[in-house]
Amino acid sequence: MVDEQVGRGGGRGPGRPREERVTRAVLDAVVALVAEQGMGAVTMDAVAARAGVSKPSMYRRWPTKQDLVIAAAESRVGPLSVPDMGDFRAELRAVLTARLEAYRTPGVDRLLAGVIATAADADAERGAYGEYTARVAAETRNILERGIVRGDVRPDIDVDAAVTMVAASLVFRMIAEQRMPDERLVDAVVDLIGRAVGATP
């Protein structure tokens, strides 16, 4: 079992590597269960058994199923960092291409659908989902604001609306339309958003 263990003499061994192994095993187990059987298969018991960890160690990290599912999603689709390329369109393409690669990972489509569904549960913590999406969309906001400063993005755009349009494009194709996004969609989004927010030469 991958878990914290007390060494001889009552002391604990090195904590961080073991903590990281537990975290990785659990989040990998969530993604595997979702890919193989769907979100309904994700229970604390099933994940603990699949990961080979104790439920108490899971609950210490993720008190609720929503916390666990969001953590699994963020392990696959999390924050990005795109360097200043001197061109908003190039940076937008980098963001979308990175997302496209993540979405092609087996189980990620079901996982993200599950994150959205879990956020709609009556007992869900709405703020937790909002905080996750804000982290995921942060780099899109960053490249828009950087483009404004640089001068290749119009200063009068609604940044929040533009971030939503960029973030929603690939996810809507994958979750709502049940079609895997591809490079053609990335090209189209870069062109459409670029024309909508680009500064006039």
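Provided above is the structure to which this section pertains.
> Where do I start with the nonpolar core in this structure?
Buried together is how nonpolar side chains tend to be arranged in soluble globular proteins. Core analysis: the biggest nonpolar cluster contains 58 residues, and Val26, Val47, Met58, Leu68, Leu111 and Leu144 have the highest contact counts within it. The element that contributes the greatest number of residues to this core is helix 1 (residues 15-37), accounting for nine residues.

> Sorry, what's going on with the layout of surface pockets here?
To find the voids left in a structure, one rolls a probe of water-molecule size over its atoms. Quantified by volume, the largest pocket comes out at close to 500 Å³. Contributing to the lining of the largest pocket are 25 residues, with Thr133, Val136, Ala167, Ala168 and Val171 lying nearest its centre. Counting only elements with at least two residues in the lining of the largest pocket, the list comes to helix 5 (88-103), helix 6 (108-119), helix 7 (126-150) and helix 8 (159-176). If one sorts the elements of the lining of the largest pocket by residue count, helix 8 sits on top with eleven residues. Tallied by class, residues from the lining of the largest pocket come to 20 nonpolar, four polar and one charged.

> Before we go on, may I ask you to explain the packing of helix 5 against helix 8 in this structure?
Helix-helix packing: each pair is described by the crossing angle between the helix axes and the interaxial distance. Where helix 5 meets helix 8, the closest approach of the two axes is 11 Å, and the angle between their N-to-C directions is 25°. As the angle between them shows, helix 5 and helix 8 are arranged roughly parallel. In the packing of helix 5 onto helix 8, the handedness of the crossing is right-handed. Within the contact between the two elements, helix 5 uses Leu92, Leu96, Arg99, Leu100 and Tyr103 and helix 8 uses Val166, Ser169, Leu170, Val171 and Met174. The residue inventory of the contact of helix 5 with helix 8, partitioned by class, reads eight nonpolar, one polar and one charged.

Criteria and thresholds
- Residues numbered from 1 in each chain as written.
- Predicted model: local features only at pLDDT ≥ 70, side-chain atom pairs only at ≥ 80, totals over all residues.
- Heavy atoms only, no water.
- Core = buried A, V, L, I, M, F, W, Y, C linked by side-chain atoms within 4.5 Å.
- Buried < 20%, exposed > 50% of the residue type's maximum accessible area, 1.4 Å probe, protein only.
- Helix = DSSP H or I, 4+ residues; strand = E, 2+ residues; numbered from the N terminus.
- 1 Å grid on protein atoms, 1.4 Å probe; cavity = no way out; pocket = protein on both sides within 12 Å on 5 of 7 lines; lining within 4 Å.
- Points joined across faces, edges and corners; volume = space filled by probe spheres on them.
- Nonpolar A, V, L, I, M, F, W, Y, C, P; charged D, E, K, R; others polar.
- Axes fitted to C-alpha atoms, helices over the stretch in contact; angles between N-to-C directions.
- Parallel < 35°, antiparallel > 145°, perpendicular 65-115°, else oblique.
- Left-handed = near helix turned anticlockwise from the far one by under 90°.
- Contact = heavy atoms within 4.5 Å.

So far we have only geometry, and geometry alone does not tell us how the molecule works.
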